[in-house]
Structures are given as C-alpha cells and as structure tokens.
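Coordinates in review
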Amino acid sequence: MTFDSTRRACYTGNVTQAIVNNLAPLLFIVFQTRYDVPVEMLGRLVLLNFAT
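Residues numbered from 1 in each chain as written. Predicted model: local features only at pLDDT ≥ 70, side-chain atom pairs only at ≥ 80, totals over all residues. Heavy atoms only, no water.

1. A word on the overall build of the protein
For the protein, the helix and strand inventory stands at 3 helices and 0 strands. Reading the protein from its N end, one meets helices and strands in the order α-α-α. Along the first, second and third principal axes, the C-alpha set of the protein runs to 50 × 20 × 10 Å. Taken over 52 residues, the protein has a buried fraction of 8%. (Helix = DSSP H or I, 4+ residues; strand = E, 2+ residues; numbered from the N terminus. Buried < 20%, exposed > 50% of the residue type's maximum accessible area, 1.4 Å probe, protein only.)

This is how it looks when you write it as structure tokens:
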C-alpha cells in the first residue's frame, strides 16, 4: 500500500460522500409528489443523514 493508493481511496470516499449527501435534497420533490412524504419526514431524513 502506497501513499498514492491511500490518497486515491480518500478522494473516492470524499466524492462518494458528496454524492450521497447531495442526492437526497435533489429528490425532495419526487419524494413529496410520488411517495407522499411530508416535509417533516424530509427534515428528519436530512437530520439523520448529517448526524450519521
């Protein structure tokens, strides 16, 4: 294991985390219209996401 492989793994982890954290807010309208999820539950989803 070299420094470059460790750095690539960290970059991949950061990109993956950014995708996961930014995907749910983009889908809020879909969650509300298609699945009838109330705004309170969406807020809890955001809280759970950032608490984790």
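2. Looking at the side chain of Asn21
Inspection of the secondary structure puts Asn21 in helix 1 (residues 3–26). With residues up to four places along the chain from it excluded, the contact list for Asn21 reads Asn49 and Phe50. (Contact = heavy atoms within 4.5 Å.)

3. Considerations on the pattern of salt bridges
If you walk through the whole model with that rule in mind, you get 2 salt bridges. Among the ionic pairs, Asp4 bridges to Arg7, the shortest N-O distance being 3.0 Å. With a gap of 3 residues between them, Asp4 and Arg7 both fall in helix 1, about one helical turn apart. When its relative accessible area of 36% is taken as the criterion, Arg7 is described as partly exposed. Across the pair Arg44 and Glu40 runs a salt bridge, and its minimum N-O distance is 2.7 Å. Taken together, the positions of Arg44 and Glu40, both in helix 3 (residues 39–51) and 4 residues apart, correspond to about one turn of that helix. (Salt bridge = Lys/Arg side-chain N within 4 Å of Asp/Glu carboxyl O.)

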